[in-house]
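Residue-level listing of the chains:
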Amino acid sequence: MDDIISHYLASLTPNSPEWAEQLEVVAEENNIPIMDKTSMHFVQVLLQIHQPKRILEVGTAIGYSALRMQENTHQATIVTIEKDEKRYLDAIENISKLNKDDCIKVIHGDALEEMSRLQGNNELFDTVFIDAAKGQYSKFLELADSMVKNGGLIITDNVLFRGYVATPEETPKRFRSMVKKLRDFNEKLMNHSYYQTSILPIGDGVAISYKQEVGN
């Protein structure tokens, strides 16, 4: 049933623009993880409603999601972090081809280190999008918490990881540690004192966390 629904939703998802389809092909051919089209479309609609002015993305890959987010938030500035040098260079090239250099800034470096640096500069964002090393999600959240404004969003991809978070006993041994960390992360989000979170079973699982008004 899950596969049937996934295919049905995919059939309803609007076609990507030509440049995005080209990046989707590159990602598939080179086994580069990017957000699936159904989940990406959901995030685009969410951002169109929220209209953030500044977005922080943790995990650039080849620039696909940053460019897709910019489609629906034309006034937004996006700061995105990528550790892998080749993907960083590919992202720079893809962003430059579409003349988005002025609104998408790509940082090459370790996400935890670069987030700490941005935090130290008192950088604030309306939305933080997390799509990087899943075993580090709790650490990303700790840093993002002080960087996202009250009334802002934290969007986290891959929080269901192939469904293994729901069936940890069926998880292959090589994934067990990561799945445990993801389960802990999901529980932390859902029980957080000032975030309201909903987890949607689209793609590989997307968590939407709204930061309520809290004192600083």
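This one's a predicted model, so the numbers in the text were calculated from it and none came from an experiment. (Residues numbered from 1 in each chain as written. Predicted model: local features only at pLDDT ≥ 70, side-chain atom pairs only at ≥ 80, totals over all residues. Heavy atoms only, no water.)

Asks: How do you make sense of the pattern of salt bridges when you look at a structure like this?
Replies: Any two side chains of opposite charge can pair if their charged atoms end up close together. One pass over the full model with this rule turns up 10 salt bridges. Put simply, Asp 110 and Lys 83 hold a salt bridge, and the shortest N to O gap is 3.8 Å. With Asp 110 in the loop between β3 (104-108) and α6 (111-120) and Lys 83 in the loop between β2 (77-82) and α5 (85-97), this residue pair connects regions lying 27 residues apart in the sequence. Since its relative accessible area comes to 57%, Lys 83 is described here as exposed. Between Lys 86 and Asp 90 there is a salt bridge; the shortest N-O distance is 2.9 Å. Within this pair, Lys 86 and its partner Asp 90 are both found in helix α5, separated by 4 residues, close to a single helical turn. (Salt bridge = Lys/Arg side-chain N within 4 Å of Asp/Glu carboxyl O. Helix = DSSP H or I, 4+ residues; strand = E, 2+ residues; numbered from the N terminus. Buried < 20%, exposed > 50% of the residue type's maximum accessible area, 1.4 Å probe, protein only.)

Asks: What's the story with the pairing of strand β1 (residues 54-58) in this structure? I'm lost.
Replies: Within a regular strand, side chains alternate between the sheet's two faces. Taking burial as the measure, the 5 residues of β1 include 4 buried ones, the bulk of the element. Where β1 lies against β2, 5 bridges are found, and the strand directions are parallel. Looking across to β2, one finds that Arg 54 is bridged to Thr 77. The handedness of the β1 to β2 crossover, carried by helix α4 (residues 64-72), is right-handed. Looking at chain direction, β1 and strand β4 (residues 125-130) are connected through 4 bridges and run parallel. Following the sheet pairing, Val 58 is matched in β4 by Ile 130. (Pairing = 2+ DSSP bridges. Right-handed = clockwise from strand over helix to strand, strands pointing away.)

Asks: Got a minute to help me understand unusual backbone geometry in this structure?
Replies: Trans peptide bonds make up the majority, and among non-glycine residues the majority have a negative phi. Its identity as a non-glycine residue notwithstanding, Asn 158 has a phi of 65 degrees, on the positive side. Note on placement: Asn 158 falls in the loop between β5 (148-157) and α8 (176-190). Classification of Asn 158 as buried rests on a relative accessible area of 14%. Unlike most non-glycine residues, Arg 162 shows phi in positive territory, near 65 degrees. By secondary structure assignment, the location of Arg 162 is in the loop between β5 and α8. We classify Arg 162 as exposed; its relative accessible area is 54%.

Asks: How do you make sense of the packing of aromatic side chains when you look at a structure like this?
Replies: The relation between two aromatic rings is expressed through the spacing of the ring centres and the mutual angle of the planes. According to the stated counting rule, one finds 6 aromatic pairs in the structure shown. Measuring from ring centre to ring centre gives 6.0 Å for Phe 161 and Tyr 164, while their planes differ by 55 degrees; the resulting arrangement is tilted. Comparing Phe 161 with Tyr 164 shows no difference in burial state: the two are buried. An aromatic cluster of three or more residues is present, and its members are Tyr 137, Phe 140 and Phe 185. Looking at Arg 54, its charged tip hangs above the ring of Phe 125, at a distance of 4.4 Å from the centre. (Phe/Tyr/Trp six-rings, centres within 6.5 Å; stacked < 30°, edge-to-face > 60°. Lys NZ or Arg CZ within 6 Å of the ring centre and 35° of its normal.)

Asks: Just to check I follow, could you spell out the sheet that holds β1 for this structure?
Replies: Taken in spatial order, the 7 strands of this open sheet run β3-β2-β1-β4-β5-β7-β6, and their pairing is mixed. Of all the strands in the sheet, just β3 and β6 (195-200) have a single pairing partner and so form its edges. Taking each pair of neighbouring strands and ignoring which way they run, the sheet shows an average axis angle of 15 degrees. Here 5 bridges tie β4 to β5, and the two strands are oriented parallel to one another. (Axes fitted to C-alpha atoms, helices over the stretch in contact; angles between N-to-C directions.)

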